[in-house]
Amino acid sequence: MASIRTASLGTVSLGAVSLGTIGMVWQRELLRYVRTPSRIFTGLAQPLLFLFVLGYGMGSLVGSTGGLDFRMFVFPGIVAMSVVSTSIFSAISIVWDREFGFLREMLVAPVPRWALVMGKTAGGATVATGQGTIMLVLAPLVGVDLTVLTIAAVIAIEFVMAAALTAFGVFVASRITRMEGFQMVMQLVLLPMIFLSGALFPLAGLPLWLDILTRLNPLTYAVAPLRSVVFGAQNLPAAALARFPSDVTLFGWTLSVWTELAITVVFAAVFLALAVRGFGRRL
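If you're wondering where the values come from, they're calculated on a predicted model, not measured in any experiment.

Parameters at a glance
Residues numbered from 1 in each chain as written. Predicted model: local features only at pLDDT ≥ 70, side-chain atom pairs only at ≥ 80, totals over all residues. Heavy atoms only, no water. Helix = DSSP H or I, 4+ residues; strand = E, 2+ residues; numbered from the N terminus. Buried < 20%, exposed > 50% of the residue type's maximum accessible area, 1.4 Å probe, protein only. Contact = heavy atoms within 4.5 Å. Areas by Shrake-Rupley, 256 points an atom, 1.4 Å probe, with all protein chains shown as cover. Axes fitted to C-alpha atoms, helices over the stretch in contact; angles between N-to-C directions. Parallel < 35°, antiparallel > 145°, perpendicular 65-115°, else oblique. Nonpolar A, V, L, I, M, F, W, Y, C, P; charged D, E, K, R; others polar. Polar contact = N/O pair within 3.5 Å; in protein donor to acceptor, adjacent residues only side chain to side chain. pLDDT = per-residue confidence, 0-100. Core = buried A, V, L, I, M, F, W, Y, C linked by side-chain atoms within 4.5 Å. Left-handed = near helix turned anticlockwise from the far one by under 90°. Phe/Tyr/Trp six-rings, centres within 6.5 Å; stacked < 30°, edge-to-face > 60°. Lys NZ or Arg CZ within 6 Å of the ring centre and 35° of its normal.

Caption draft 1: Region of interest: the overall build of the protein chain. For the protein chain, the count of helices and strands is 12 helices and 4 strands. A burial count over the protein chain gives 46% of its 283 residues as buried. Across the protein chain, contacts joining residues at least 24 apart in sequence account for 83% of those joining residues at least 6 apart. When the accessible surface of the protein chain is totalled, it reaches about 13800 Å², and 72% of it is carbon and sulfur.

Caption draft 2: Layout of the packing of helix H7 (residues 148–173) against helix H10 (residues 220–232). Taken N-terminus to C-terminus, the directions of H7 and H10 make an angle of 175 degrees; their axes are 10 Å apart at the nearest point. By the criterion of interaxial angle, the relationship of H7 to H10 is roughly antiparallel. Along its contact with H7, which presents Thr150, Ala153, Val154, Ile157 and Met161, the element H10 presents Ala222, Pro225, Leu226, Val229 and Val230. Its residues assigned to classes, the contact of H7 with H10 shows 9 nonpolar, 1 polar and no charged.

Caption draft 3: Broad picture of the side chain of glutamine 234. Residue position: glutamine 234 is located in the loop between H10 and helix H11 (238–243). The exposure class of glutamine 234 is buried, given its relative accessible area of 12%. Within polar-contact distance, the side chain of glutamine 234 engages the backbone oxygen of valine 230 at 2.9 Å. Excluding residues that lie within four positions of it along the chain, glutamine 234 makes contacts with Met72, Gly143, Val144, Asp145 and Leu146.

Caption draft 4: Main features of the side chain of serine 197. Relative to the helices and strands, serine 197 is located in the loop between helix H8 (179–195) and helix H9 (208–216). Looking at serine 197, its side chain comes within polar contact range of the main-chain oxygen of isoleucine 194, at 2.7 Å. Setting aside residues no more than four positions away along its own chain, serine 197 makes contact with Leu203, Asn217, Leu219, Thr220 and Val223.

Caption draft 5: Just the confidence of the model for the protein chain, in detail. Confidence in the prediction for the protein chain averages 79 pLDDT; 84% of positions are at 70 or higher. Mean pLDDT values over the elements of the protein chain span from 59, in helix H5 (residues 102–108), up to 90, in H10. The model gives residues 1–12 a pLDDT under 50, and that stretch makes 0 contacts with residues more than four places away or in other chains.

Caption draft 6: Fine view of the nonpolar core. In terms of nonpolar packing, the biggest core is built from 66 residues, with Leu51, Phe75, Ile78, Met161, Leu165, Phe182 and Leu219 touching the most fellow members. Of the residues forming this core, the biggest block, 13 residues, is contributed by H7. If sequence neighbours within four positions are ignored, phenylalanine 75 has contacts with Leu51, Met135, Leu136, Leu138, Ala139, Val142 and Val144. By size, the runner-up hydrophobic cluster in this structure holds 5 residues, among which are Leu203, Tyr221, Ala224 and Val248.

Caption draft 7: Here's a closer look at the packing of helix H3 (residues 70–90) against H10. Two elements in contact, H3 and H10, have axes whose closest approach is 9 Å; the angle formed by their N-to-C orientations is 135 degrees. As the angle between them shows, H3 and H10 are arranged oblique. For the element pair H3 and H10, the recorded crossing hand is right-handed. Facing Met72, Phe73, Val74, Pro76, Gly77, Val79 and Ala80 of H3, the residues of H10 in contact are Val223, Leu226, Arg227, Val230 and Phe231.

Caption draft 8: Up close: the packing of aromatic side chains. Summed over the entire model, instances satisfying the criterion amount to 6 aromatic pairs. Plain terms: the ring middles of phenylalanine 50 and phenylalanine 195 are 6.3 Å apart, the flat faces sit at 65 degrees to each other, and that makes the pair edge-to-face. In this pair, phenylalanine 50 is assigned in helix H2 (residues 37–62) and phenylalanine 195 in helix H8, connecting sequence segments 145 residues apart. With relative accessibility at 37%, the residue phenylalanine 195 sits in the partly exposed group. Grouped by ring-pair contacts, the aromatic residues Phe70, Phe73, Phe231 and Phe244 constitute a single cluster. Sitting over the face of the ring of phenylalanine 73, arginine 227 holds its NZ or CZ atom 4.0 Å from the ring centroid.

This is the structure in structure tokens:
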């Protein structure tokens, strides 16, 4: 009985330590974000450029159908761009902490390494979700109407997307020792991932090779439900939805929003497992 009680207390103690570690790392990420206002504004610079410059520039060429123009179409993609860029680059602090020795102090602490990964992912996902939610303030400027339920659904999708991309960034950062190398790899990954997700153009009628690349991109299955939820609050006619589709077709089947979210969750779990494995190595 004593051994059972000791094992039970050990399990509870380990669980409490793990939860405390996750909360500590999560809080640290939020404090770093709040205490650097420049990070908030710089994170908005590129999405704003794409939304207004590209949106207005391409809008004059693409035109509108049933009240839906290119700016309204690209708005959910720009929100996703803000979330993705913030998610991936939130992992840069791992490389920074490695260079300044703080990461070594975390790794020698008597806490599970998977808890560090979970805390880092949760913190980065929370920050990225907040960064993407800030973009929703610009919705009226491009003619997008958002209800309270729509905003809640958008935030939930943003968090799933952010968790997947933050875990991916943590995985990459666990294998790169120099900040310059991390930035170079992320730039090579980030832009193709965004451009091949359907964030900036419809996925219908693409050449076969481009269609395959978009379907292999994990971000495609996060942008599509985000756009579907936003479009669902606009009362758009069928002609507009036909010209600017938001659905993803796979092997001839049109995926539902829940299926797309399930695929995104699977990618998030895979990236999280890879990140935990990466932290299991000697960093």
